[in-house]
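# Architecture and fold: a report
If you want the building blocks of each chain, they are given just below.
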Amino acid sequence: MIGQTGRWALILHGGAKEIAPEEQEDNRAGCRQALAAGTQVLERGGSAIDAVEASIRVLEALPVFNAGLGSALNSLGEVEMCAALMDGNTLDIGAVGALMGVRHPVSVARKMLRETPILLVGGGAFMFARDNHAELCDPSALIVEKRKESLEALHDTVGAVALDSSGNIAAGTSTGGLTGALKGRMGDSAMPGCGYYADNSIGGVALSGHGEGIARIAAAAQIMAAIERDGAEDAIAKALSQMSRVGGDAGGIAIDKAGRTGWWHNSPSFAVAMASSDSPEANIWLNKQEDTKQDG
Ligand code: ASP
């Protein structure tokens, strides 16, 4: 049954990646802070869209994650970002790709949500952001020192999925993409059915990882098609097992229409935080082994 249950749930992630021991605490703390921002919205009866945006804005503001401040640098040493929000009630989508010079790409995606186009890229996305009073900044203000030093490809897009007490589901993503990518490259995070999807009658999903691979297997679409039959976690695990066909690793989070959450990853780590009306205190893990240990 959809909606009006009063139940809410929120799950978010800080990226499918390797987390160095000295970064574990910042990852946990950032996920905790983002979860608190989203659950505050849901606890007072706010919308899933507002909760997802609030959570992702926190992650974008923290340099430990590859989104907003601290984004990965492209082959020209620039920050180009992708973000998306999807409303599972109306199936409205707002997304931006290869966007420069804004502090919170997810909030530009939010402003796009009720517009006719679902996705704007590059200069067009920037013009939309400027004309709609997004928080602009010098593109170089988003560059942090550690990204200049890091040559390996990072996978730490952030994402969130929420169910609100009216039964509405929303999913969102935000990323600086892959380190050293060609200028103008857009991965899965802005593309519906690839890096995210939401539909009140099924559930919602958000992914992180190697964007070309995630897009080539249409991971979000696969997960949406399987959630009802397999449950959120198995649906993600089965879809991600297809990554071996195209290469690269990934992680995903999902909520079904009844508010059951699931997550899975085949990357070394995947920082995840979760809370719900049934279990309001924050649960935070850096990988699936931690989760299994707690259960066992
Ligand atoms: N999925 C993102 C992309 O390919 C990268 C990431 O997850 O960090 O753009």
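The rules behind these values
- Residues numbered from 1 in each chain as written.
- Predicted model: local features only at pLDDT ≥ 70, side-chain atom pairs only at ≥ 80, totals over all residues.
- Heavy atoms only, no water.
- Buried < 20%, exposed > 50% of the residue type's maximum accessible area, 1.4 Å probe, protein only.
- Helix = DSSP H or I, 4+ residues; strand = E, 2+ residues; numbered from the N terminus.
- Contact = heavy atoms within 4.5 Å.
- Core = buried A, V, L, I, M, F, W, Y, C linked by side-chain atoms within 4.5 Å.
- Polar contact = N/O pair within 3.5 Å; in protein donor to acceptor, adjacent residues only side chain to side chain.
- Pairing = 2+ DSSP bridges.
- Axes fitted to C-alpha atoms, helices over the stretch in contact; angles between N-to-C directions.

## Quick look at helix α7 (residues 219-230)
Of the residues making up α7, those classed as buried are A219, A220, I223, M224, A226, I227 and D230. In this fold, the buried residues of α7 make contact with β7 (196-199), β8 (203-209), α6 (211-216), α8 (232-241) and β9 (250-256). Looking one or two residues past α7, G231 carries a phi angle of roughly 85°, positive in sign.

## A word on the nonpolar core
Counting residues in each nonpolar core, the largest one holds 32 residues, and the members touching the most others are L12, V52 and A162. Of all the secondary structure elements, the ones that give two or more residues to this core are β1 (9-17), α1 (24-43), α2 (48-61), β5 (158-163) and β11 (269-276). With seven residues, the single largest contributor to this core is α2. Discounting residues that sit within four places of it in the chain, A162 has contacts with A9, L10, L42, A48, A51, V52, N168, I169, A170 and I255. One finds A16, C82, A206 and W263 within the second-largest nonpolar core, a separate group that totals 23 residues.

## Focus: the side chain of D230
Within the element layout of this structure, D230 appears in helix α7. A distance of 3.0 Å separates polar atoms of two side chains, one belonging to D230 and the other to R229. Not counting residues within four places of it along the chain, the set of residues in contact with D230 comprises A235 and K238.

## As for the environment of I143
On the secondary structure map, I143 appears in the loop between α4 (122-131) and α5 (145-149). Separated by 106 residues in sequence, I143 and A37 place their C-alpha atoms 24 Å apart.

## What to know about the sheet that holds β5
One open sheet holds the eight strands; their spatial order is β4-β3-β2-β6-β5-β1-β11-β12, and the pairing between them is mixed. Each having just a single partner strand, β4 (119-121) and β12 (283-285) make up the two edges of the open sheet. Within this sheet the neighbouring strands show an average axis-to-axis angle of 10°, counted without direction. The sheet contact formed by strand β2 (residues 81-87) and strand β3 (residues 93-99) spans five bridges and is antiparallel. Bridge pairing in β3 links M86 to I93. Across the sheet, α1 touches β1, β5, β11 and β12, and the angle it forms with β1 is around 155°.

## Observations concerning the sheet that holds β8
An order of β7-β8-β9-β10 is seen for the four strands of this open sheet, with the pairing classed as antiparallel. Since the sheet does not close on itself, it has two edges, and those belong to β7 and β10 (261-265), each with one partner. Neighbour to neighbour, the strand axes of the sheet diverge by 10° on average, direction disregarded. Bridge count between β7 and β8: four bridges; the pairing is antiparallel. Directly across from D199, in β8, lies its bridge partner G203.

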